[in-house]
Amino acid sequence: MESVIAALVTGVLTLIGVIVSNSRSRAVMEVKIDNLARQVEKHNCLIERTYALEQEVAVVKTEIDNMRKG
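Presented here is a report on the structure given in the accompanying data block. This one's a predicted model, so the numbers in the text were calculated from it and none came from an experiment. (Residues numbered from 1 in each chain as written. Predicted model: local features only at pLDDT ≥ 70, side-chain atom pairs only at ≥ 80, totals over all residues. Heavy atoms only, no water.)

## Focus: the overall build of the chain
Looking only at helices and strands, the chain has one helix and zero strands in total. For the chain, whose C-alpha radius of gyration is 30 Å, the value lies well above the compact-globule estimate of 11 Å for 70 residues. The dimensions of the chain, computed from C-alpha atoms along their principal axes, are 105 × 10 × 5 Å. For the chain, with 70 residues in total, the buried portion stands at 0%. Split by element, the accessible area of the chain, about 6700 Å² in all, is 65% carbon and sulfur. For the chain, the distance from the average position of its 9 positive side-chain charges to the average position of its 9 negative side-chain charges is 5 Å. (Helix = DSSP H or I, 4+ residues; strand = E, 2+ residues; numbered from the N terminus. Rg over C-alpha atoms; globule rule 2.2 N^0.38 Å. Buried < 20%, exposed > 50% of the residue type's maximum accessible area, 1.4 Å probe, protein only. Areas by Shrake-Rupley, 256 points an atom, 1.4 Å probe, with all protein chains shown as cover. Lys, Arg positive; Asp, Glu negative; His and termini not counted. Charge placed at Lys NZ, Arg CZ, Asp CG, Glu CD.)

What follows is the structure, given as structure tokens:
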């Protein structure tokens, strides 16, 4: 009987340890995912700005070519 109680106590304590460990791991993973999402957003903004600058450069080049011709 004592061995059954000891096994149950050990099992419960192990289960509690696993649950706590998983919750901590999940919290760390959520923080890392949030940081990654912010980095992706910054990258996307940079790509959009680069595209806009390329469009403006194309317009300026066209205007320069027109001025040289005209």
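## Thoughts on a nonpolar patch on the surface
On the surface, Met1, Ile5, Val9, Val12, Leu13, Ile16 and Val20 cluster together to form a nonpolar patch covering roughly 690 Å² of accessible area. The topology assignment puts Ile16 in helix α1 (residues 2-69). Residue classification places Ile16 among the partly exposed residues on the basis of a relative accessible area of 46%. (Patch = residues over 30% accessible without salt bridge, like charges linked within 9 Å, V, L, I, M, F, W, Y side chains within 5 Å. Salt bridge = Lys/Arg side-chain N within 4 Å of Asp/Glu carboxyl O.)

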